[in-house]
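# Survey of secondary and tertiary structure
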Amino acid sequence: MRSAEIARILPWVFRQTLTPASPLDAVLAAMEAQHTPSETALAGIDGYFDPRRAPDNFVPFLARWLDLERVLVRPAEHYYPAGGTDEPLQSGVGRLRELVAAAAFLSRWRGTATGILRFLEVATGVSGFTVEEHVPDRPFFVRFTMPGEAEPYEATIRRIIELEKPAYVDYEVTVAS
């Protein structure tokens, strides 16, 4: 708030005594200086909640808020938050931004082949994942095939599949030739 705006909400008796270089004018100037940092932050607050405009160090907070923390924290430590440490998504903060942006879709399709494949593509930035849901002589088994370009992200891929697949389903991951 500017000094003039603050002065307008003062009681009438104070407004009558307000003159330039008066003690009250100095108090209003100090109040204006105190409001400026908060007003600056609030003016750009919408940028913090847009995953594509948020500062890099704020994107992991958005991911936690949308329950994507399970991708950032090592599985053994996920259940013991005191010992858990954030590790950046292996494919970078840009991929994490895209995961946050796709969170509504991923939540809606969680536990399905469509949802897992989309999750893998967004998290790695690589397309071409396939899933074979009906493996002969193996009930409750799913086979995921990842493209060769996704091999550097194999640990992340396995973590995503483990966390997103239905609990009763077993799986294997193969690399496309």
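Data block above holds the structure.
Residues numbered from 1 in each chain as written. Predicted model: local features only at pLDDT ≥ 70, side-chain atom pairs only at ≥ 80, totals over all residues. Heavy atoms only, no water.

### A few points about the overall build of the protein chain
Each helix and strand counted, the protein chain has 10 helices and three strands in total. Overall, the protein chain shows an N-to-C arrangement of helices and strands of α-α-α-α-α-α-α-α-α-β-β-α-β. In the protein chain, of all internal contacts separated by at least 6 residues, the share reaching a separation of at least 24 is 54%. Taken as a whole, the protein chain presents about 10800 Å² of accessible surface, with 58% of it coming from carbon and sulfur. (Helix = DSSP H or I, 4+ residues; strand = E, 2+ residues; numbered from the N terminus. Contact = heavy atoms within 4.5 Å. Areas by Shrake-Rupley, 256 points an atom, 1.4 Å probe, with all protein chains shown as cover.)

### Focus: helix 9 (residues 113–124)
In this model helix 9 runs 16 Å from its N-terminal to its C-terminal C-alpha over 12 residues, within 8% of the 16 Å that 1.5 Å per residue would give. Within helix 9, nine of the 12 residues are buried, leaving the element largely enclosed by the surrounding structure. Among the residues of helix 9, Ala113, Gly115, Ile116, Leu117, Phe119, Leu120, Val122, Ala123 and Thr124 are the ones counted as buried. Glycine 125 sits one or two residues past helix 9 and shows a positive phi near 80°. (Expected span 1.5 Å × (residues − 1). Buried < 20%, exposed > 50% of the residue type's maximum accessible area, 1.4 Å probe, protein only.)

### As for the sheet that holds strand 3 (residues 170–175)
Spatial strand order, 1-2-3: three strands in an open sheet with mixed pairing. Edge positions in the open sheet fall to strand 1 (130–132) and strand 3, since each of these has one partner strand only. Taking each pair of neighbouring strands and ignoring which way they run, the sheet shows an average axis angle of 20°. Note that strand 2 (residues 141–146) and strand 3 share six bridges and pair parallel. Within strand 3, the position partnered with threonine 145 by the bridge is threonine 174. In the packing of helix 10 (residues 154–164) onto the sheet, the strands contacted are strand 2 and strand 3, and the crossing angle to strand 3 comes to about 155°. (Pairing = 2+ DSSP bridges. Axes fitted to C-alpha atoms, helices over the stretch in contact; angles between N-to-C directions.)

### Things to note about the nonpolar core
Residues Leu99, Phe119, Leu120, Phe129, Phe144, Ile157 and Ile161 are the most contacted members of the largest nonpolar core, which totals 32 residues. Contributing elements (two or more residues each) for this core: helix 4 (59–65), helix 7 (93–101), helix 8 (103–108), helix 9, strand 2, helix 10 and strand 3. (Core = buried A, V, L, I, M, F, W, Y, C linked by side-chain atoms within 4.5 Å.)

### Let's talk about the packing of helix 9 against helix 10
At their nearest, the axes of helix 9 and helix 10 sit 10 Å apart, and the two run at 150° to each other. Overall, the two elements helix 9 and helix 10 adopt an arrangement that is roughly antiparallel. With respect to the hand of their crossing, helix 9 and helix 10 are arranged in right-handed fashion. Taken together, the residues of helix 10 that come into contact with helix 9 (itself represented by Ile116, Phe119, Leu120, Ala123 and Thr124) are Ile157, Ile160, Ile161 and Glu164. Taken together, the residues of the contact of helix 9 with helix 10 break down into seven nonpolar, one polar and one charged. (Parallel < 35°, antiparallel > 145°, perpendicular 65-115°, else oblique. Left-handed = near helix turned anticlockwise from the far one by under 90°. Nonpolar A, V, L, I, M, F, W, Y, C, P; charged D, E, K, R; others polar.)

### Structural notes on the pattern of salt bridges
Tallying each qualifying case throughout the model produces nine salt bridges. Between arginine 2 and glutamate 32 there is a salt bridge, with its nearest N and O atoms 3.3 Å apart. Of this pair, arginine 2 sits in the segment before helix 1 (3–8) while glutamate 32 sits in helix 3 (residues 23–43), placing them 30 residues apart in sequence. Look at arginine 2 and you get partly exposed, because its relative accessible area is 46%. Residue arginine 97 is joined to aspartate 56 by a salt bridge in which the shortest nitrogen-to-oxygen separation is 2.4 Å. Residue arginine 97 is found in helix 7, and its partner aspartate 56 is found in the loop between helix 3 and helix 4; the two are separated by 41 residues along the sequence. For arginine 97, a relative accessible area of 13% gives the class buried. Salt bridges sharing partners connect three or more residues here, namely Asp46, Asp50 and Arg53. (Salt bridge = Lys/Arg side-chain N within 4 Å of Asp/Glu carboxyl O.)

### A look at the environment of alanine 7
Among the structural elements, alanine 7 can be located in helix 1. Alanine 7 sits in the buried class, given a relative accessible area of 11%. Expressed as a C-alpha distance, the spacing of alanine 7 and leucine 18, which sit 11 residues apart in the sequence, is 8.2 Å. Each residue touching alanine 7, except ones within four places of it in the same chain, is listed here: Arg15, Leu18 and Leu28.

Function cannot be read off these values alone, since they describe shape.
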